[in-house]
Amino acid sequence: MTVLPADGLSLAAEFPDPAHEQWQSLVEGVLRKSGKDVSGSAAEEALSTTVEDGLITRPLYTSRDDAPDAGYPGFAPFTRGSKAAGNAAGGWDVRQRHSLTDPARLNEAVLADLENGATSLWLTVGGTSGVPVSGLARALDGVHLDLAPLAIDAGGELDAAAAELLRLYQGRGVAAASVRGSLGADPLGQAARSGDAPDLTAAVHWAERCAKEYPGLRALTVDALPYHEAGGSAAQELGSSLATGVTYLRALTAAGLSVEAACAQMEFRYAATADQFLTIAKLRAARRLWARVAEVCGAPGAGAQRQHAVTSPVMMTRRDPWVNILRTTLACLGAGVGGADSVTVLPFDHALGLPDAFARRIARNTSTILLEESHLARVIDPAGGSWYVERLTSELADAAWAFFQEIERAGGQASALGSGLVGERLAATWAARSKDLARRKEPITGVSEFPQLAERQLERETAPGAAGASGGLPVVRRDEAFEALRARSDAHLAATGSRPRVFLAALGPASAHTARASFAANLFQAGGIEPVHDPLSVDASTAAGAFAASGAGVTVLCSSDALYAEQAGAVASALRAAGAQQVFLAGRPAEYPDVDAYVFAGCDVVAVLSSVLDRMGVA
């Protein structure tokens, strides 16, 4: 019988401890096979990826990747969470968003949410997109205001909405100590969306009153969503929120509040994207940065940032909206792991208009499954200690701090918005990202990759105020360029009864053309152009007849490089003679007779598809 040693069995005891240089040597060998003759650190750099804000994602992280001490949960710098118990004390607050103008309908919706998993409500009040202030009492009929925290967005009707909400609390006998939530005052965020000059007077007034009478009610929301929705990067979103928070901090302390009381009056709202690691790092970096601000202001213990994470509206698509369920699940996971105090999962049909009851239910249950079935909140800062996450958190914090300093040098957030500095920086970031989207370097599943032309579009009631305000920062969506192409195709279908078509002229056996034929079909469908692949393959003698029968206006050759060398010129000439308006070839650009253009991985898909639709006369 074998007797185990007293200290147990070490499963790694028989394996040697590899050195970093050994791993690099193996990487060098793989790269040489692909034609890259690099060695040492250059081999590792060849596998690295540059992302937004100049950050570099490397293929391997080790203990040599130093990062500042993250501290302990509940203690400065709060990187690991604002509370000592983290979300393990009961999970995050499941905050459901509502933007309905009819008080009765809103009441029905909020009661359904609270009865089925939501723990707080986020309501738009006033204006053209929210419930009227006079209807707030009806909308909250039957809601236990001492149990369900409320967060409201009242915009220009802050005074009336806040007064009405406090009247409801008093009228229903809710003790001041039991009032929790947020009045949502955000004059700088409102200015970013509208382009109007910010006025902090009302926000400061309500912050003073809440600090004195309602300690659990926050008056101010530092909303970073306007900068995210304008195409800003994670660092720009953080830097803008930091500059906004500092502006409010100055105003509140000038009004007589202590730094501690002023910090307690603010909640920060951030976007959570399907890039779960970036979301985790963003929320951790945000807490570290705000802790630094509080420290500099002489109140290090007041830097525990209260965070509300919202799944990104920018990533939501109108085509194949069911994929949004997967996107929001990843975003919710990132928000929860990142330590957000409240999480709002936008319904999968958010980009189409007002969500229906089923979509709201799926949104609620996303958090419920992650909390109750996946036990995601049972561990404090589960990503903490990961060399990758710690390094990403640190680098993102540095980039955000640099943008914050640029804004401060420009006179603060209000001045930077007014001068156009913030808008220019966000526009430059979105322009660069748009190029990646157009080239499918950043793919959009269901839109730029694997689109379904035959899908049945969901129809939703138009959301109130959907046109949005003018004059402020733009509102962008990842799918907008491809959505414009698909809309042209839809209009052509409605007018003619058929979609614009492309003929796939596949050369040789399936083993030679399948990969490129699939690539071409996927690419053209992203623009609403229907691929016709019949017959399975053609040659110079059959291509013209097949093209004529397809009803297509353009064609694309699909095969291997070897067969292109043998047949491409002759087949292209036959297709041209048969009336093809444009002849494409799926592959890297080369010289083939009668071939007009090439489609390949990394080409500007939006430009190609737009030109094809133009040539076909699709308005």
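No experiment lies behind these values; they were computed from the predicted model shown.

(A) Fine view of the overall build of the chain. Broken down by element type, the chain carries 21 helices and 15 strands. Taking 619 residues into account, the globule formula puts the C-alpha radius of gyration at 25 Å, and the chain, at 28 Å, falls close to it. Structurally, the chain occupies a C-alpha span of about 85 × 75 × 60 Å along its principal axes. The buried share among the 619 residues of the chain stands at 51%. Taking all contacts inside the chain whose residues are at least 6 apart in sequence as the whole, residues at least 24 apart take part in 76%. Accessible area for the chain stands at about 26,400 Å²; split by element, carbon and sulfur atoms hold 54% of it. The positive charge centre, built from 53 side chains, and the negative charge centre, built from 69, are 2 Å apart in the chain.

(B) Examining the nonpolar core more closely. Core analysis: the largest hydrophobic core is formed by 106 residues, its most contacted members being L140, L183 and W290. Among all residues touching W290, those that are not within four sequence positions of it are L242, G245, V246, L249, C263, M266, F268, G303 and Q305. In terms of nonpolar packing, the next biggest core, distinct from the first, is built from 54 residues, A517, F547, Y592 and V608 among them.

(C) Region of interest: the environment of A202. Within the secondary structure, A202 sits in helix 7 (residues 201–213). Residue classification places A202 among the partly exposed positions, given a relative accessible area of 23%. Residues A202 and T253 lie 51 residues apart in sequence; the distance between their C-alpha atoms is 15 Å. With residues near it in sequence (within four places) discarded, A202 still touches L158 and D159.

(D) Geometry of the side chain of R440. On the secondary structure map, R440 appears in the loop between helix 16 (421–438) and helix 17 (480–496). Residue R440 is classed as buried on the basis of its relative accessible area of 10%. At 3.1 Å, the side chain of R440 forms a polar contact with the backbone oxygen of S448. With residues up to four places along the chain from it excluded, the contact list for R440 reads S448, E449, F482, F519, N522, L523 and V605.

(E) Quick look at helix 14 (residues 387–409). For helix 14, which comprises 23 residues, the first-to-last C-alpha distance of 33 Å matches the rise-based estimate of 33 Å (1.5 Å per residue) to within 8%. Following helix 14 by one or two positions, G411 adopts a phi angle in the positive range, close to 105°.

(F) Looking closely at the environment of A85. Residue position: A85 is located in the loop between strand 2 (56–57) and strand 3 (93–98). When the C-alpha positions of A85 and R318 are compared, they lie 39 Å apart, and in sequence the two are 233 residues distant.

(G) View of the packing of aromatic side chains. Applying the stated rule across the entire model yields ten aromatic pairs. Here F268 and Y270 contribute two aromatic rings whose centre-to-centre distance is 6.4 Å and whose plane-to-plane angle is 15°, an arrangement assigned as stacked. Look at F268 and you get buried, because its relative accessible area is 1%. Ring plane angle 75° and centroid distance 6.1 Å describe the contact between F348 and F358, whose orientation is recorded as edge-to-face. Of this pair, F348 sits in the loop between strand 10 (342–344) and helix 13 (357–373) while F358 sits in helix 13, and the two are ten residues apart along the sequence. Judged by its relative accessible area of 2%, F348 falls in the buried class. Through a chain of ring-to-ring contacts, the aromatic side chains of Y61, F277 and Y388 assemble into a single cluster. Sitting above the plane of the W122 ring, R97 keeps its charged end 5.6 Å from the centroid.

(H) Representation of the packing of helix 11 (residues 276–296) against helix 14 within the structure. Contact geometry for helix 11 and helix 14: axes closest at 8 Å, N-to-C directions at 55°. Put simply, helix 11 runs oblique to helix 14. The two elements helix 11 and helix 14 cross, and the hand of that crossing is right-handed. Contacts between helix 11 and helix 14 involve F277, L278, I280, A281, K282, R284, A285, R288, L289, R292 and V293 on the former and, on the latter, Y388, V389, E390, L392, T393, S394, L396, A397, D398, A400 and W401. Residue composition of the contact of helix 11 with helix 14, by class: 14 nonpolar, two polar and six charged.

(I) Region of interest: the sheet that holds strand 8 (residues 266–272). In spatial order, the strands read 3-4-5-6-7-8-9-10; together these eight strands close into a barrel with parallel pairing. Strand-to-strand twist in this sheet, taken as the mean axis angle between neighbours without regard to direction, amounts to 25°. For strand 8 and strand 9 (residues 307–311), the ladder comprises five bridges, and the chain directions are parallel. Paired with A271 across the two strands is V310, which belongs to strand 9.

(J) Inspection of the sheet that holds strand 12 (residues 530–532) at higher detail. Strand order in the open sheet formed by five strands is 12-11-13-14-15, and the pairing between neighbours is parallel. With one partner strand each, in any of the chains shown, strand 12 and strand 15 (597–599) form the two edges of the open sheet. Pairs of neighbouring strands in the sheet enclose a mean axial angle of 30°, with direction left out of account. The pairing of strand 11 (residues 501–506) with strand 13 (residues 554–558) spans five bridges and is classified as parallel. Within strand 13, the position partnered with A505 by the bridge is L557.

(K) The pattern of salt bridges, seen in detail. For the structure shown, the criterion picks out 37 salt bridges. With a closest N to O distance of 3.2 Å, R105 and E461 form a salt bridge. With R105 in helix 3 (residues 103–115) and E461 in the loop between helix 16 and helix 17, this pair connects stretches of sequence that are 356 residues apart. The partner of E229 in a salt bridge is R193, with the nearest N and O atoms 3.1 Å apart. Taken together, the residues E229 in helix 8 (residues 225–229) and R193 in helix 6 (residues 187–194) connect sequence positions 36 residues apart. It is possible to trace a salt-bridge network through shared partners that takes in R80, R284, D381 and E390.

(L) Region of interest: unusual backbone geometry. Across the junction of A76 and P77, the peptide omega takes the value 10°, indicating a cis bond. With an omega dihedral of 10°, the bond running from D534 to P535 counts as a cis peptide bond. Checked against the element boundaries, P535 lands in the loop between strand 12 and helix 19 (543–550). We note that D594 has phi near 65°; this positive angle belongs to a residue other than glycine.

(M) Main features of the packing of helix 5 (residues 158–171) against helix 7. Remark: helix 5 packs on helix 7, axes separated minimally by 10 Å, with the N-to-C direction vectors making an angle of 20°. By the angle between their directions, the pair helix 5 and helix 7 is classed as roughly parallel. Regarding helix 5 and helix 7, the two cross each other, and that crossing is right-handed. Of helix 7, the residues touching helix 5 (which contributes L158, D159, A162, A163, L166 and Q170) are A202, A203, W206 and R209. Classifying every residue of the contact of helix 5 with helix 7 by side-chain character gives seven nonpolar, one polar and two charged.

Cut-offs applied
Residues numbered from 1 in each chain as written. Predicted model: local features only at pLDDT ≥ 70, side-chain atom pairs only at ≥ 80, totals over all residues. Heavy atoms only, no water. Helix = DSSP H or I, 4+ residues; strand = E, 2+ residues; numbered from the N terminus. Rg over C-alpha atoms; globule rule 2.2 N^0.38 Å. Buried < 20%, exposed > 50% of the residue type's maximum accessible area, 1.4 Å probe, protein only. Contact = heavy atoms within 4.5 Å. Areas by Shrake-Rupley, 256 points an atom, 1.4 Å probe, with all protein chains shown as cover. Lys, Arg positive; Asp, Glu negative; His and termini not counted. Charge placed at Lys NZ, Arg CZ, Asp CG, Glu CD. Core = buried A, V, L, I, M, F, W, Y, C linked by side-chain atoms within 4.5 Å. Polar contact = N/O pair within 3.5 Å; in protein donor to acceptor, adjacent residues only side chain to side chain. Expected span 1.5 Å × (residues − 1). Phe/Tyr/Trp six-rings, centres within 6.5 Å; stacked < 30°, edge-to-face > 60°. Lys NZ or Arg CZ within 6 Å of the ring centre and 35° of its normal. Axes fitted to C-alpha atoms, helices over the stretch in contact; angles between N-to-C directions. Parallel < 35°, antiparallel > 145°, perpendicular 65-115°, else oblique. Left-handed = near helix turned anticlockwise from the far one by under 90°. Nonpolar A, V, L, I, M, F, W, Y, C, P; charged D, E, K, R; others polar. Pairing = 2+ DSSP bridges. Salt bridge = Lys/Arg side-chain N within 4 Å of Asp/Glu carboxyl O.

Everything listed here is a matter of coordinates, which is why it stays silent on function.
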